[in-house]
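Spelled out from the first residue to the last, the chains are:
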Amino acid sequence: MSRLGQSHIVAIGGGSFRPTPRHGFFEASALLRYALDLTGQDRPKLGLLATATGDDADWLLKMYGSFRTWDVEVSHLTVFPMPNVEDPREWILEQDVIYVSGGSVANLAALWRLHGLDEAFEEAWRSGVVLSGQSAGALCWHVGGNTDSFGPTLRPWSEGLGLLPYSCGVHYNSDPQRRALLHESIASGELPEGYAADEGVALHYVGREFIQAVTVDPKGYAYKIERDDEGRVKEFRVEPRLLTT
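Quick caveat: nothing in here was measured; it's all calculated off a predicted structure.

1. Some points on unusual backbone geometry
Here comes step 1: That bond from F80 to P81 is cis: its omega, -10 degrees, falls within 30 degrees of zero.
Here comes step 2: Mapped onto the fold, P81 is located in the loop between β5 (73-77) and α3 (88-94).
Here comes step 3: At H171, a position not held by glycine, the phi torsion is positive, near 50 degrees.
Here comes step 4: Looking at where H171 falls in the secondary structure, it is placed in the loop between β10 (167-169) and α7 (176-188).
Here comes step 5: What makes H171 buried here is its relative accessible area of 16%.

2. Here we look at the pairing of strand β13 (residues 209-215)
Here comes step 1: Where strand β12 (residues 201-206) meets β13, 6 bridges bridge the pair, whose relative direction is antiparallel. Within β13, the residue paired with L203 across the bridge is A213.
Here comes step 2: Between β12 and β13, which pair antiparallel one after the other, the connecting turn spans 2 residues, and G207 there sits at a positive phi close to 60 degrees.
Here comes step 3: Both β13 and strand β16 (residues 241-242) contribute to a ladder of 2 bridges, which runs parallel. Pairing of T215 across the sheet is with L242, part of β16.

3. A few points about the packing of aromatic side chains
Here comes step 1: Applying the stated criterion across every chain, the model contains 14 aromatic pairs.
Here comes step 2: Centroid distance F26 to W59: 5.6 Å. Interplanar angle 90 degrees. Geometry classified as edge-to-face. Here F26 is found in strand β3 (residues 26-28), whereas its partner W59 is found in helix α2 (residues 57-66), with 33 residues between them in sequence.
Here comes step 3: These aromatic residues form a ring-pair network of at least three members: F17, F26, W59, F67, W70 and Y99.
Here comes step 4: Taking NZ or CZ as reference, R155 lies 4.2 Å from the ring centre of F150, over its face.

Cut-offs applied
Residues numbered from 1 in each chain as written. Predicted model: local features only at pLDDT ≥ 70, side-chain atom pairs only at ≥ 80, totals over all residues. Heavy atoms only, no water. Helix = DSSP H or I, 4+ residues; strand = E, 2+ residues; numbered from the N terminus. Buried < 20%, exposed > 50% of the residue type's maximum accessible area, 1.4 Å probe, protein only. Pairing = 2+ DSSP bridges. Phe/Tyr/Trp six-rings, centres within 6.5 Å; stacked < 30°, edge-to-face > 60°. Lys NZ or Arg CZ within 6 Å of the ring centre and 35° of its normal.

This is how it looks when you write it as structure tokens:
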């Protein structure tokens, strides 16, 4: 149970990991440290999921390696070709933090529902497990957002778990398709109002309330996107807190 007695989601627009110049290693960024610190645990249990990449073994290995110097207990959950643990729900509830990688959010959501993981994640969230992830791993906790799950041209998608009653924009300053399509989808009512994050920026929610944005990029921002009664969309820039370690 909770670390701070609250339900947390840390939705990352991009920048969870960065390559190192030697040996091809990846390093976890301060955005992941921020999520882990929310637990209040000296040695938190971190559960990794790469469902959105088809449980790609190479990506899982890189994620494991990125925490090699951190005081954290890392494990993972896969569903291909079958779950790698006897009771996925029990495994999810045992974690202090869940981190979900990017990839195909549409495939991720379909597989999670097939295996009953959607209900397990909601139970974990309500019990105080910190839910986090990047790109697909950020969109999945919301109602939806823009996705390339169906091809290189982005499409609106609204089949998320809906723990957060908002739309979500990721990679907001690195993919020119994303801002215009998110605005269009919110204006039409296809997606609800929501929040977006640049590369290197994370959105932190406590319960269903957006609390703040944090960043590892001094030039990165978060955004709130609203729709008025006439269907016009307004975007408000949110200044994030810079993480220095």
